[in-house]
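# What the coordinates show
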Amino acid sequence: MPTSNIATYLCEMHHRLSGWNDTIAAIATPPGIGAIGVLRISGDQAFPIVQRLFSSKKLNEQAANTLHVGYLKEGEDILDEVVVSLFKKPASYTGEDTIEISCHGSPYVQQQVLDALIRNGARMAKPGEFTQRAFLNKKLDLAQAESVADLIASNTKASQNAAMKNMRGGFSKVLAELREELIKFSSLIELELDFSEEDVEFADREKFSLLIDKIDKTVNKLLESFKLGNVIKNGVSVAIVGKPNAGKSTLLNTLLNENRAIVSDIAGTTRDTIEEVINIDGILFRLIDTAGIREHSQDVIENMGVVKSKQKIKEADIVLYLYDVNEMTADELREIVESIQQENSNTVIVANKTDMLNGEIQPDIFSSIAISAKEKSGVDELKKRLFRMAGGEDVNVENIVVTNSRHYAALQEISKSLNDIRSAIANNISGDLLSIDINCCLHFLGEISGEVTNEDRLDYIFSKFCIGK
Ligand SMILES: Nc1nc2c(ncn2[C@@H]2O[C@H](COP(=O)(O)OP(=O)(O)OP(=O)(O)O)[C@@H](O)[C@H]2O)c(=O)[nH]1
Ligand SMILES: [Mg+2]
């Protein structure tokens, strides 16, 4: 057998052993009772398997993308009255023949239908296996497939937007195009190696440098967008800190619009930290109400709370320092804010209880915001400030945003290899060494779209999906 045939044979064997030729089935709708439940079946045997249960029409004679009502029967047992939707390869989500069965939404009925499909030759799908097949059949690249999971998990307008843009091609397409251009140069440089004795240059170094700059610019923009991507995907943590009785818990309640935390005029009311989430214009903020900061408390438990608050200052994305306008001198405020900013420079200073102001408000040293947590005044301005500090203004711009840490890590590697290529060109390094740097860059570019990957890695990525997707 010629080597190429052996390779094809081995590849096919491998696919067969790892189950890629199986026809897979799963319940695609979430567990529990619903109006309808949808099952999916995909693979070469999808039509014959469903045909054995659905006798009223010849399914393979029906046009693609059509719906058919009928009974699903196993022998004389009627499983359910269903609607089947037919998709023929390659024009389906997975790129294979696929049928979706909409049945009544009882978990029992859905399980019966799934069992019948499996008895008739389908295999239970693994998490993400439908999307993994879509990837292997080149319906989506890897970054696009991953955004399918992000889209399913999205819980705000901003995260839905970012996932949708990436799913529809987003940056992986741009990177794939740049990769193609780089491959061309790489092969020219490798060609030079074959003619090394003649000292020829097939790859125009000037054009090559321009391409490297172009890739670098794109990659840097994407790297920068990750900060916002993280905000969109994971939200922003805000530690509300201040002295006992400053009104921290009152502010938390006001921002949440509900009485979540206990408020009292006894200093030291909040003992432990309380966390709640609010959505400001599409971004999620995790508000953390802490125990008041004071240096020496007699109460051991309260002291533990205070230690925790200090830790929260370090960990939080934003520190909101709240003080009582009537209980603070300008000097003391300066001293406290400076010590907080040593731990975390992303702070917003908020003067509270302005409804009770006697005397003057502190001169505006830290562009602080004046509010009354109790009377709910100044709160909109505070929300706007938090939104701005989180970079929220860039959310709705049409820019593509990197939200996935796997992509971020690969982009960092690309950036490093671009620097290596640059210095190799600048130092007139020999072609074979330059080739190594280029291959490194190509490798990481390919990792994002999934052109370069190994199977374990793929299995890991898709295992984080839900079953049925
Ligand atoms: N007048 C006025 N009183 C307020 C305002 N905000 C809070 N208070 C009062 O201040 C007292 C303390 O409020 P809390 O919200 O419990 O203060 P805290 O900072 O959480 O206090 P600890 O949990 O003890 O650290 C309560 O009596 C609140 O009603 C405000 O804007 N104006
Ligand atoms: Mg409190």
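Residues numbered from 1 in each chain as written. Chains lettered and ligands numbered in written order. Predicted model: local features only at pLDDT ≥ 70, side-chain atom pairs only at ≥ 80, totals over all residues. Heavy atoms only, no water.

### Here we look at the nonpolar core
Grouped together as the largest cluster of nonpolar side chains are 34 residues, with contacts concentrated most on Leu 251, Phe 285, Leu 287, Leu 320, Val 348, Leu 382 and Leu 386. When residues no more than four places from it in sequence are discounted, the contact partners of Leu 287 are Val 238, Ile 240, Leu 252, Leu 255, Ile 274, Glu 275, Glu 276 and Ile 278. Counting 30 residues, the second largest nonpolar core, distinct from the first, contains Leu 182, Phe 208, Ile 212 and Cys 441. (Core = buried A, V, L, I, M, F, W, Y, C linked by side-chain atoms within 4.5 Å. Buried < 20%, exposed > 50% of the residue type's maximum accessible area, 1.4 Å probe, protein only. Contact = heavy atoms within 4.5 Å.)

### Thoughts on the sheet that holds strand S2 (residues 36-42)
Strand order in this open sheet of six strands is S3-S4-S5-S2-S1-S6, and the pairing throughout is mixed. One side of each edge strand has no neighbouring strand; the edge strands of this open sheet are strand S3 (66-74) and strand S6 (123-124). Where S3 meets strand S4 (residues 77-87), nine bridges bridge the pair, whose relative direction is antiparallel. What sits directly across from Val 69, in S4, is Val 83. (Pairing = 2+ DSSP bridges. Helix = DSSP H or I, 4+ residues; strand = E, 2+ residues; numbered from the N terminus.)

### A few points about the confidence of the model for the chain
Averaged over all residues, the pLDDT of the chain is 86; the fraction at 70 or higher stands at 90%. Averaged over each element, pLDDT in the chain is lowest for helix H1 (residues 3-17) (58) and highest for helix H2 (residues 46-53) (97). (pLDDT = per-residue confidence, 0-100.)

### Comments concerning helix H4 (residues 129-136)
For H4, the tally of buried residues reaches seven of eight residues, placing the bulk of the element in the interior. Residues of H4 that are buried include every one of Glu 129, Phe 130, Thr 131, Gln 132, Arg 133, Ala 134 and Phe 135, and no others. Trailing H4 by a residue or two, Lys 138 shows a phi angle of about 65°, which is positive.

### Remarks on the pairing of strand S5 (residues 98-104)
By the bridge criterion, seven bridges tie S2 to S5 in an arrangement that is antiparallel. Following the sheet pairing, Arg 40 is matched in S5 by Glu 100. Here S4 runs beside S5; their pairing, made up of five bridges, is antiparallel. The partner of Leu 86 across the bridge, within S5, is Ile 99.

### As for the packing of aromatic side chains
One pair of aromatic rings is described through two measures. These are the centre distance and the angle between the planes. In the structure shown here, the tally under the stated rule is four aromatic pairs. Here the aromatic rings of Phe 185 and Phe 208 are separated by 5.1 Å at their centres, their planes lie at 45°, and the arrangement is tilted. Placement of the pair is Phe 185 in helix H7 (residues 170-194) and Phe 208 in helix H8 (residues 205-234), with a sequence separation of 23 residues. Overall, the relative accessible area of 0% leaves Phe 208 in the buried class. A ring pair is formed by Tyr 321 and Tyr 323, whose centres lie 6.5 Å apart and whose planes are at 25°; its orientation type is stacked. The exposure class of Tyr 321 is buried, given its relative accessible area of 1%. Taking the relative accessible area as the measure of exposure, Tyr 323 reaches 2% and is therefore buried. (Phe/Tyr/Trp six-rings, centres within 6.5 Å; stacked < 30°, edge-to-face > 60°.)

### Describing the pairing of strand S7 (residues 236-241)
With six of six residues buried, S7 lies mostly within the body of the structure. Looking at chain direction, S7 and strand S9 (residues 283-289) are connected through five bridges and run parallel. Bridge pairing in S9 places Ala 239 opposite Ile 288.

### With respect to the environment of Ser 264
Tracing the backbone shows Ser 264 in the loop between helix H9 (248-256) and strand S8 (274-280). Along the backbone, Ser 264 and Asn 245 are 19 residues apart, and their C-alpha atoms lie at a distance of 7.8 Å. The contacts of Ser 264, once residues within four sequence positions are left out, are Asn 245 and Thr 269. At a separation of 3.0 Å, a polar atom in the side chain of Ser 264 contacts the main-chain amide nitrogen of Ile 266. There is a polar contact of 2.7 Å between the side chain of Ser 264 and the side chain of Thr 269. (Polar contact = N/O pair within 3.5 Å; in protein donor to acceptor, adjacent residues only side chain to side chain.)

### Here we look at the environment of Ile 262
As for its position among the elements, Ile 262 is in the loop between H9 and S8. Residue classification places Ile 262 among the exposed positions, given a relative accessible area of 64%. Separated by 13 residues in sequence, Ile 262 and Ser 249 place their C-alpha atoms 6.8 Å apart. With near-sequence residues (within four places) excluded, Ile 262 lies in contact with Ser 249, Thr 269 and Thr 270.

### Some details on the site of ligand 1
Within the structure, ligand 1 sits among 24 residues, and Lys 248, Thr 250, Gly 268, Thr 269 and Thr 270 are positioned closest to it. Note that an oxygen atom of ligand 1 is positioned 2.9 Å from one of the backbone N or O atoms of Gly 247. At a separation of 2.8 Å, an oxygen atom of ligand 1 approaches a polar side-chain atom of Ser 249. About the coverage of ligand 1: the protein hides 92% of its 650 Å² of free accessible area. Element by element, the count of residues in the shell around ligand 1 is highest for H9, at three residues. (Near = heavy atom within 4 Å. Areas by Shrake-Rupley, 256 points an atom, 1.4 Å probe, with all protein chains shown as cover.)

### Side note on the coordination of the magnesium ion (ligand 2)
Protein ligation of the magnesium ion (ligand 2) involves Ser 249 (OG) and Thr 270 (OG1), the donor distances falling in the range 2.0 to 2.1 Å. Taken as a pair, Ser 249 in helix H9 and Thr 270 in the loop between H9 and S8 lie far apart in primary sequence, 21 residues in all. Across this residue pair, the class does not change: Ser 249 and Thr 270 are buried. (Donors = N, O, S within 2.8 Å, 3.2 Å for Na, K, Ca; no water.)

### With respect to the pattern of salt bridges
Enumeration according to the criterion identifies 20 salt bridges in this entry. In this structure, Arg 123 engages Glu 129 in a salt bridge whose closest nitrogen and oxygen atoms are separated by 2.8 Å. For Glu 129, a relative accessible area of 1% corresponds to the buried category. In this structure, the salt-bridge partner of Lys 416 is Glu 413, at a minimum N-O distance of 3.5 Å. (Salt bridge = Lys/Arg side-chain N within 4 Å of Asp/Glu carboxyl O.)

### Some thoughts on the sheet that holds strand S10 (residues 318-324)
Across the sheet, which stays open at both edges, the six strands sit in the order S8-S9-S7-S10-S11-S12 with mixed pairing between neighbours. This sheet does not close on itself; its edge strands, each paired only once, are S8 and strand S12 (369-370). On top of the sheet, helix H11 (residues 330-343) reaches S7, S10 and strand S11 (347-352); it is set at about 165° to S10, its chief contact. (Axes fitted to C-alpha atoms, helices over the stretch in contact; angles between N-to-C directions.)

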